[in-house]
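Here are the chains, one letter per residue:
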Amino acid sequence: MKATLRFARTTEMTLLVIGVVFFVFLVIASHGDLLEANSLRVLLQFLAVPVLIGLAQMVVLAVGQLNLAVGAVGGFAACAMGVLMADHGVPVPLALLIGFLLASVAGLLNGLLVVLTRINGFIVTLATMTVLLGVQYRLVGTRTVDAYPQGLKSFGSYAVFGVLPLIFLVALVVAGLLAVMLRRTVPGRQLLASGGNPIAARLSGISNDRSVIIAHTLSGAILGVAAILTVASSPGVNKSIGGDWLLPSFAAPIIGGALLTGGSAVVLGTVLAAFIVRFVDTARAEFSLEPSWVNFVVGTVVLGSVVLGQVRTRRQERRTVVKAPDAAVAGGVS
Amino acid sequence: MTLFEAFEVDKLFPGVRALDGVTLKLEAGSVHALLGENGAGKSTLIKVITGLYKPDGGRLLLDGQEVHFGSPHESASAGIGVVHQERNLIPGFTVGENILLQKLPTSRGLVDRGRVRSEAARWLAELDLDIDPDLPVTELSVAQAQLVEIAKALSVESRVLLLDEPTASITPNEAERLFRVVEKLKNDGRSVLFVSHKLEEVFQICDTVTVLRDGSSVLESGALADLTRDQVVDLMVGRVHEALTLPPRTVGDAAPLLELSGVGTASGHAEVDLTVRPGEIVGLYGLVGAGRSELAKALLGLDRITAGEVRVRGQAVRIRNVRDALKNHKIGYVTENRKEEGVFLEQSVARNIAVTVWDRLLKRLGRIPGLSYVPKKTESELVAGYVEQLGIRIASPEQLAGTLSGGNQQKVSLAKWLAAKTEILIIDEPTVGIDVRTKDAFHTLIWDLAANGLAILLITSDLPEMITLADRVVVMRDHRVRGEVTNTHDYDTMSQQVIRLIHAGTTAAA
Amino acid sequence: MSAPVSETATAALHEPDAPVEQPRGGRTPWWANQRIGLLILVVALGALFGILRPAFFNQQLVVFPLLRDIAMFTVVGLAQMCVLSIGHMNLAVGRMAAFSMMITGISYDLWHFSLYAGLLVGLIAGTAIGALAGWVIARTGVNSFVVTLALDFLLLGLIPLVYTGLTDNAAFVTKPEGMREMRNYSLADICIGNVCGSPAVPQLALFAVIAMVVVGWIYSRTKLGRELLMTGTSVKAAELSGIPTARRVITAHAMSGCLAALAGFMLAVSTGSIKATIGEEFMLPSFLGPILGGTLLAGGFISVWGTMLGTALTSVIRKGLDLLGVGLESLNIYLGLILLVALSTDRVRTVLSDRQGVRER
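For clarity, every value in this text was computed on a predicted model and none was experimentally measured.

A.B. asks: It is not clear to me how the overall build of chain B should be interpreted in this structure. Could you clarify?
C.D. replies: A count of helices and strands for chain B gives 19 helices and 24 strands. Principal axes of the C-alpha set define a box for chain B whose edges measure 80 × 55 × 50 Å. The long-range share in chain B, meaning contacts at least 24 apart out of those at least 6 apart in sequence, stands at 67%. About 19900 Å² of surface is accessible on chain B, with carbon and sulfur atoms providing 48% of the total.

The following block contains the structure:
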């Protein structure tokens, strides 16, 4: 009962309500067209990658870091896979595995650089982003690589019952695994402890450095999956893959309630926020507006949600600050 | 049986001997008090015991065996639990997870929530606490959070428990509950080190006491039963080491520069009355947490004044911020937190001193309005003047303030307010962590500033300092003024009067 | 000098036998000075590229555009440097340039402003959008990273909407008189008597010189600049020393916006078109210049010369590698690596000052 009440007041609940209302609105606006199998499939198909890149950012935010290289890691891994399959005839599973590992190693490298050099994570990932963008361009140049096996492409477009795209299910599975990892495993808990209160974590014998490295590696691994889904679901890979990932990667966790100072695991919030951003895009298409509206709306929402969040925490802080001295006064009287 | 012993521990910091041959013995089944004024070395000692600092001399013995702690985790594993002043809980976690954070129970790779609940419940029960292990810690009160931290410290099977000012931010009723827990720990054969500024609590629950002053143990493990409160206070504050001869100074009966009547603040002050005349040093005395610095900050507009009136030069004023205080009312504030609030460690000494006077130095550039600059020559002359007058020992005014010793940093922190030609100066704990000789020099300086007509409000926890300098001593407790004593500069009678005022009310109520 | 300290107190405060506190490590020798190191590196690399490819010294085809790039990116770097001085970041630096140029474009297109009137309008627009970012940060206390990121997002959406609304080809076509000429004018076109400037130095570079002089003067000589640096060093201490820190946060961001607008104008002039994509490539160079030049990320220390030299270094490397046949896009790899190396030096400096007990983070 208490737990239910607690959930009712969370960001997730708010997002869920907004999402449902938004969806109903879209259904009405489209005169029910959106409920058709095909429309639903398209809606979900383009949700898989945004969910994953949001989670890739969320997991580093959880430890109080950030990752500017999300797009570069994903784009680089996607191009590497494409080139391996198309130009070098590497079998699909092996190519995907290599791509996934490359992305994970890139994440690991970010983590190691942050920990070893103690340079601000912002700058480290800005630098690795730039390097990887260069590498991505080296790999594909100005071509679009699309000569990879048809099997992979049909995996990318397959939908269970014609409604649930396989790649969307993969994204949900990753989200589920990440949630379990962060909530129920010792490394996951330690990661969040490091993000929530690094001093307390250190006093409890937790290595904050290890948490940072794990978070960055996980981020890379999730981006590896995102890259696989991108290769599978798009007609081909080129130098622009990943170019527009950065802003949505921050938008989903921030709208989802993640704290930039670390310590919050908002898997569900991130997924729901990705849904809402997708709905904005769907609405935009429904009313045939400029694509730019999406960025404008999402930017406003992000700004609004951080400002509101800040106001809320401030008010809470004020309440607690007032509480302690009151108690002291009471103590003096007694 | 002695569980833990710190034997002749030394700790050196650049320019300061923070601990000088301190010895402390903790017996099983007893509660030991660690007392001392701010800067006496209590927190340094705790940091040495918990492995945050490496001692420069002496030994730590656990069960008679010498131990070396490289990190707080090592000392915790050896059985020394600590509850720090800062809250050390992970915000998003439950009570149970926080208690067992050091070794979360798992089954098949996942955290076993059932066992987290039951094991945490066991520790909570051990302390007779009725707290749900599944509650997020963000929903706990300050006092509950503290008790949870004790449970957390116990969960690593610790036999020695360090409580660092556990009652600083909780109510007397909550404190009583905490004391019952401490009593229970003691009866279970554990050893508790209790650090507090509140003497009545110490006499209520402790068996033995160690008193630190200026980094040395002036009383090592004395039985509290053999001591009176006054004796303990004498040990804590120390006799005036030698009479500092200050020239006579008389306070005229000029109209007060600063007057507070019935002031209440958002941080809990009520009915505060205070006056400071030009040429007068008014001491604001009280234990840590009495609300003295908070009052100073409210005066500067950093906290809301909710009741009463503040008058500067007879005019009722509402000060918005430090800038307003400085520019419109000529009030300066020398903060107690020198390193974070007093000096800009990574800026030059020159800029640190001139920061308050750039307005005054500005020179117009050409005839264009609003276009002005700080002339370097005037600035460096001004800085050089204060460097010379205050005897700030530096190689060049361009040297970074962070490279200076505490005493010199404090001079820099004061110099900017002298440069600003303030007429009302609030000085908060001016000599914490400063060696005795520089301390005397500061006392002469403050005395001298008053002689030159400044109105000074001196906040200090150092009773000898207070008695040396103040013309009147105003005693605060629990955010209220408890009384006022005109200083006779006679240490014995003054300290008795002041301490009586501090305790007035509590003994009657208890 | 009439400080209220009498001779008795002064005498007491003087400790005749106390040693003068020397900054540990002593003075930095000239060869360890980062800016001189950069200068030598820039010159050496320039010479090296010149030897490998004599075309590197071609005034018209290489030096002229190179200097134009250096000038523009220096202004971009200064825009970032202004917020770094208070320990903040401006991720929207490029988009602020685009926004200002959009306003400038409107002023040319719809209101038929002259070249410099349009520039002025753009600078005002940049200052305003920067001040807005600063105001949100100061009022809410939200991290500058998030605020400028969200603003970037917002402008990324807004700008194309305006362009599609007002133009046919997503670019303002009206060019005021003098814009085309300014693109190619060099100092050779400015003569005093018979003495003319070098044809290798573009006139556009004068904007950067003016920006450097003004910004350098603000930080070294004015109260405003000093207060910005003090705020960057410690907000708490600044507030308690009577510095209006909230206003300084707004000022720093406004300065950043104004400089971003200037950089946007320089880019518009040198590419000859005012379009929505202006400033897209500004983010990385905006950090590269100041940080290579010694500006601290944590705030409190800046270097105008360093920003220029840092920018020059990256531009020379870019141009040189380009002439050596390294693909323009793969240059990113080297730029990223340079940034990492540069930051390791920043880190080394921090470690050194840590050792001196100067910095406490």
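Additional details are given in the paragraphs that follow.
A.B. asks: Is there a simple way to think about the overall build of chain A in this case?
C.D. replies: Assigned secondary structure in chain A consists of 15 helices and 2 strands. In terms of overall dimensions, chain A is globule-like: its C-alpha atoms have a radius of gyration of 22 Å, near the 20 Å expected for 334 residues. Seen through its principal axes, chain A has C-alpha atoms that stretch 80 × 55 × 35 Å. Relative to its 334 residues, chain A shows a buried fraction of 54%. Put simply, of all contacts in chain A between residues at least 6 apart along the chain, 76% involve residues at least 24 apart. In the form shown here, chain A has an accessible surface area of approximately 14000 Å², with 69% of it arising from carbon and sulfur atoms. Within chain A, the 12 negative side-chain charges are centred at a point lying 14 Å from the centre of the 22 positive side-chain charges.

A.B. asks: Got a minute to help me understand the interface of chain B and chain C in this structure?
C.D. replies: A common way to state how big an interface is: give the accessible area lost once the parts meet. On the chain C side, the residues contacting the 61 residues of chain B number 49 residues. Carbon and sulfur atoms supply 57% of the area that chain B and chain C bury against each other, a total of about 4900 Å² over both sides. On inspection of chain B and its partner chain C, the count reaches 3 salt bridges. Linking chain B with chain C are 10 residue pairs in polar contact (both at pLDDT 80 or more), by the criterion used here. Only helix H10 (322-329), helix H11 (338-342), helix H12 (349-354), helix H13 (358-361), strand E20 (372-373), helix H14 (376-389), helix H15 (406-419) and helix H16 (436-451) of chain B provide two or more residues apiece to the side of chain B that touches chain C. No other element matches the 8 residues that H16(B) contributes to the side of chain B that touches chain C.

A.B. asks: How should the domain arrangement of chain B be read in this particular structure?
C.D. replies: Residues and elements named next belong to chain B. You can read the domains of chain B as domain 1 (2-237), domain 2 (239-330 + 423-438 + 455-510) and domain 3 (338-422). A separation of 27 Å is found between the C-alpha centroids of domain 2 and domain 3. The interface of domain 2 with domain 3 comprises 15 residues on the first partner and 14 residues on the second. Where domain 2 abuts domain 3, roughly 980 Å² becomes buried across the two surfaces, and 61% of that area is made up of carbon and sulfur atoms. Considering only the side of domain 2, the residues that lose the most area to domain 3 are Leu326, Leu425 and Ile434, jointly responsible for 41% of the buried surface there.

A.B. asks: Help me understand the interface of chain C and chain A, please; the structure alone is not making it clear to me.
C.D. replies: Tallying the contact residues gives 40 residues for chain C and 40 residues for chain A. Summed over both sides, the interface of chain C with chain A buries roughly 3500 Å², with 81% coming from carbon and sulfur. Put simply, chain C and chain A have 0 salt bridges between them. At the surface where chain C touches chain A, the tally comes to 0 residue pairs in polar contact (both at pLDDT 80 or more). Counting only elements with at least two residues in the side of chain C that touches chain A, the list comes to helix H5 (115-140), helix H6 (144-166), helix H12 (283-292) and helix H14 (331-355) of chain C. A per-element tally of the side of chain C that touches chain A places H6(C) first, with 14 residues. Taken together, the residues of the side of chain C that touches chain A sort by class into 28 nonpolar, 8 polar and 4 charged.

A.B. asks: Quick question: what am I supposed to make of the sheet that holds strand E21 (residues 424-428) of chain B here?
C.D. replies: Within a sheet, adjacent strands bond to each other through the backbone by hydrogen bonds, running parallel or antiparallel. All names here are of chain B. Taken together, 6 strands build an open sheet; the order of strands is E18-E21-E22-E15-E23-E24 and the sheet is mixed. A strand with exactly one partner marks an edge of an open sheet, and here the two such strands are strand E18 (331-334) and strand E24 (480-486). Strand-to-strand, the axes of this sheet are offset by a mean angle of 20°, without reference to chain direction. Each of strand E15 (281-285), strand E23 (472-477) and E24 is contacted by helix H18 (residues 491-503), which is oriented at about 165° to E24, the strand it contacts most.

A.B. asks: Help me understand the environment of Leu331(C) in this model?
C.D. replies: Residue and element names in this part refer to chain C. As for its placement among the helices and strands, Leu331 is situated in helix H14. Taking C-alpha positions, Leu331 is 8.8 Å from Ile317, a pair spaced 14 residues apart along the chain. Setting aside residues up to four positions removed in sequence, Leu331 forms contacts with Arg318, Leu321 and Val326.

A.B. asks: When you look at helix H9 (residues 166-184) of chain A in this model, what are you seeing that I'm missing?
C.D. replies: Along an α-helix, residues three or four apart share an orientation, since each turn contains 3.6 residues. All names here are of chain A. Relative to the 27 Å expected for 19 residues at 1.5 Å per residue, H9 spans 26 Å between its end C-alpha atoms, a close match to the ideal helical length. Those residues of H9 lying buried are Ile167, Phe168, Ala171, Val174, Ala175, Leu178, Met181 and Leu182. Taken down its axis, H9 places every buried residue within 145° of arc, on the same side. More than 90 degrees from the buried face of H9, the exposed residues found are Val173 and Leu177.

A.B. asks: Honestly, the side chain of His84(B) in this entry has me stumped. Any pointers?
C.D. replies: Secondary-structure assignment places His84(B) in the loop between strand E6 (80-83) and helix H3 (95-99). Excluding its chain neighbours within four sequence positions, the residues that come into contact with His84(B) are Leu203(A), Glu149(B) and Asp164(B).

A.B. asks: Explain the packing of helix H3 (residues 59-84) of chain C against helix H8 (residues 205-221) of chain C to me, please; I cannot follow it from the model alone.
C.D. replies: Two quantities define a packed helix pair, namely the angle between the helix axes and the distance between the axes. All names here are of chain C. It is the contact of H3 with H8, at a shortest axis distance of 8 Å, that shows an interaxial angle of 25°. It follows from the interaxial angle that H3 and H8 lie roughly parallel. At the point where H3 passes H8, the crossing takes the left-handed sense. Contact with H3, carried on its side by Ala71, Thr74, Val75, Leu78, Met81 and Cys82, involves Ala205, Ala208, Ala211, Met212, Val215 and Tyr219 of H8 and no other residues of that element. Looking at side-chain class alone, the contact of H3 with H8 contains 11 nonpolar, 1 polar and no charged residues.

A.B. asks: Would you take a moment to explain the sheet that holds strand E16 (residues 305-312) of chain B for this structure?
C.D. replies: Residues and elements named next belong to chain B. The sheet built from 4 strands is open, its strands ordered E14-E13-E16-E17 with antiparallel pairing. Strands with a single pairing partner mark the edges of an open sheet, and in this sheet they are strand E14 (272-276) and strand E17 (315-317). Put simply, the sheet's adjacent strands are angled 20° from each other on average, direction ignored. In this sheet, E16 lies alongside strand E13 (residues 258-265) in antiparallel orientation, the contact comprising 6 bridges. For Gly264, the partnering residue across the bridge sits in E16 and is Ala307. Across the face of the sheet, helix H9 (residues 292-299) comes into contact with E13, E14 and E16 while running at roughly 105° to E13.

Rules behind the numbers
Residues numbered from 1 in each chain as written. Chains lettered and ligands numbered in written order. Predicted model: local features only at pLDDT ≥ 70, side-chain atom pairs only at ≥ 80, totals over all residues. Heavy atoms only, no water. Helix = DSSP H or I, 4+ residues; strand = E, 2+ residues; numbered from the N terminus. Contact = heavy atoms within 4.5 Å. Areas by Shrake-Rupley, 256 points an atom, 1.4 Å probe, with all protein chains shown as cover. Rg over C-alpha atoms; globule rule 2.2 N^0.38 Å. Buried < 20%, exposed > 50% of the residue type's maximum accessible area, 1.4 Å probe, protein only. Lys, Arg positive; Asp, Glu negative; His and termini not counted. Charge placed at Lys NZ, Arg CZ, Asp CG, Glu CD. Buried area = accessible area lost by both parts, 1.4 Å probe. Salt bridge = Lys/Arg side-chain N within 4 Å of Asp/Glu carboxyl O. Polar contact = N/O pair within 3.5 Å; in protein donor to acceptor, adjacent residues only side chain to side chain. Domains from an automatic or database assignment. Nonpolar A, V, L, I, M, F, W, Y, C, P; charged D, E, K, R; others polar. Pairing = 2+ DSSP bridges. Axes fitted to C-alpha atoms, helices over the stretch in contact; angles between N-to-C directions. Expected span 1.5 Å × (residues − 1). Arc of directions from axis to C-beta. Parallel < 35°, antiparallel > 145°, perpendicular 65-115°, else oblique. Left-handed = near helix turned anticlockwise from the far one by under 90°.

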